[in-house]
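Topology and contacts: notes
The residues making up each chain are set out below.
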Amino acid sequence: RRRRARGGGGGASDVPAAAVEEVGLGYISPALEGVGEAELWRAMLLKTGTGIVDFLPVKDVRIEDMGTHIWRRMLFVGSGPTSGQVMTQHIYMDQASGEIRFVSVEGSDGDPGVGEEAREEIVNGLLRDPLRIEYYRRDRTSKERLHWSAPLARTAAAIEKTVALARAM
């Protein structure tokens, strides 16, 4: 069963682990008004580069354009099980489908050309008619949704920030 959470709540700041409600099988924003699809997509793309620091508690962000995707490495400084861990990702963007896919890479040791992609991916989706944003985790091969333990408040706040940036464009 896909969980649809209500919009709102929280900032992009860190959320205490004891008070965390999880994203689960996904989060869909309420219908978005006062913003165009093109501006919303451009704002969503801000998270694919060094601008991620405005959405997640990370630092030391390094990116490289690999042609078919973006390679990114960053240090997670928020609380929880990934606190203090270096995260390496391949990021794929497809405007036609409205998807930005974040795939973890293991074993890269800071080298953009090395490492193996994980089976799972995080999807930031642009939904149309009505215009909304959805975040969820899924299996890359089967496309089956997977439980995502990310904090719901942080996820909703990231979407709200994306919408605010799009409205300002």
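Sequence order as written defines residue numbering, which begins from 1 separately in each chain. Two thresholds apply to this predicted model, a pLDDT of at least 70 for residue-level local features and 80 or more for giving and counting side-chain atom pairs, whereas whole-chain, interface and lining totals are computed over all residues. The side-chain quantities take in all heavy atoms of the structure and omit both hydrogens and water.

**Things to note about the side chain of Glu 134**
Helix numbers and strand numbers start at the N terminus; a helix is a DSSP run of H or I with at least 4 residues, a strand a run of E with at least 2. In this structure, Glu 134 sits in strand S9 (residues 132-139). Looking at Glu 134, its side chain comes within polar contact range of the side chain of Arg 145, at 2.9 Å. Under this definition, polar contacts are N or O atom pairs within 3.5 Å; protein pairs additionally need one hydrogen-donor-capable and one acceptor-capable atom, and for neighbouring residues in sequence, both atoms have to be side-chain atoms.

**Overview of the packing of aromatic side chains**
Centres within 6.5 Å are what make two rings of Phe, Tyr or Trp a pair, Trp counting through its six-membered ring; a difference in plane orientation under 30 degrees is then read as stacked, over 60 as edge-to-face, and the rest as tilted. For the structure shown, the criterion picks out zero aromatic pairs. Here the basic side chain of Lys 47 rests over the ring of Phe 55, its NZ or CZ set 5.7 Å away from the ring centre. Positioned above the aromatic ring of Tyr 136, the side-chain terminus of Arg 145 is 3.7 Å from the ring centre. Only lysine NZ and arginine CZ atoms are considered, and such an atom sits over a ring when it is within 6 Å of the ring centre and within 35 degrees of the ring normal.

**Looking at helix H2 (residues 152-167)**
Every helix has an expected span of 1.5 Å times one less than the residues it contains. Taking 1.5 Å as the rise per residue, H2 with 16 residues should run 22 Å; its terminal C-alpha atoms sit 23 Å apart, in good agreement. Turning to H2, the residues buried within the fold contact strand S1 (22-24), strand S2 (27-28), helix H1 (37-45), strand S4 (70-76), S9 and strand S11 (148-151). In what follows, a contact means two residues having at least one pair of non-hydrogen atoms within 4.5 Å.

**Some points on the pattern of salt bridges**
Think of a salt bridge as a Lys or Arg side-chain nitrogen and an Asp or Glu carboxyl oxygen that are within 4 Å of each other. As enumerated under the stated definition, the model contains seven salt bridges in all. Salt-bridge contacts for Glu 37 lead to Arg 128; the nearest nitrogen and oxygen are separated by 2.7 Å. On the criterion of sequence distance, the pair formed by Glu 37 in helix H1 and Arg 128 in the loop between strand S8 (120-127) and S9 is long-range, its members being 91 residues apart. Throughout this description, buried means an accessible area under 20% of the type-specific maximum (1.4 Å probe, protein chains only), exposed means over 50%, and partly exposed covers the range between. Judged by its relative accessible area of 36%, Glu 37 falls in the partly exposed class.

**Focus on the pairing of S9**
Consecutive residues of a regular strand have side chains that alternate between opposite faces of the sheet. Of all eight residues in S9, seven are buried, a share of seventy percent or more. Here, any two strands with at least 2 DSSP bridges between them count as paired. Where S2 and S9 come together, two bridges link them in antiparallel fashion. Bridged to Tyr 27 within S9 is Tyr 135. Examined bridge by bridge, S8 and S9 share eight bridges and lie antiparallel to one another. Counterpart to Val 123 in the pairing with S9 is Tyr 136. Two successive antiparallel strands, S8 and S9, enclose a turn made up of four residues, where Asp 129 displays a positive phi of approximately 60 degrees.

**Considering the side chain of Gln 89**
Following the sequence through the fold, Gln 89 ends up in strand S5 (residues 86-94). On the accessibility criterion, Gln 89 (9% relative accessible area) is buried. In terms of polar contacts, Gln 89 uses its side chain to reach the side chain of Arg 72, at 2.7 Å. When residues no more than four places from it in sequence are discounted, the contact partners of Gln 89 are Ile 70, Trp 71, Arg 72, Met 74, Phe 102, Val 103, Ser 104 and Val 105.

**Brief notes about unusual backbone geometry**
Look at the link from Asp 129 to Pro 130: it is a cis peptide, with omega at 0 degrees. Its place among the elements puts Pro 130 in the loop between S8 and S9. Phi angles above zero are rare outside glycine, and Asp 129 is one such case at about 60 degrees. On the basis of relative accessible area, Asp 129 is assigned to the exposed category, the value being 74%.

**Topic: H1**
Buried residues of H1: Leu 40, Trp 41, Ala 43 and Met 44, and no others. Along H1, the residues classed as buried sweep out an arc of 160 degrees about the axis, all on the same side. Where H1 is buried, its residues contact S5, strand S6 (99-106), S8, S9 and H2. The directions from the helix axis to the C-beta atoms form the arc being described.

**Quick word on the environment of Met 44**
Looking at the secondary structure, you find Met 44 in helix H1. Under the relative-accessibility criterion, Met 44 is labelled buried at 3%. For the pair Met 44 and Met 93, spaced 49 residues apart in sequence, the C-alpha separation works out to 10.0 Å. Contact partners of Met 44, with chain neighbours within four places excluded, come to Ile 100, Asn 124, Gly 125, Leu 126, Ile 133 and Thr 162.

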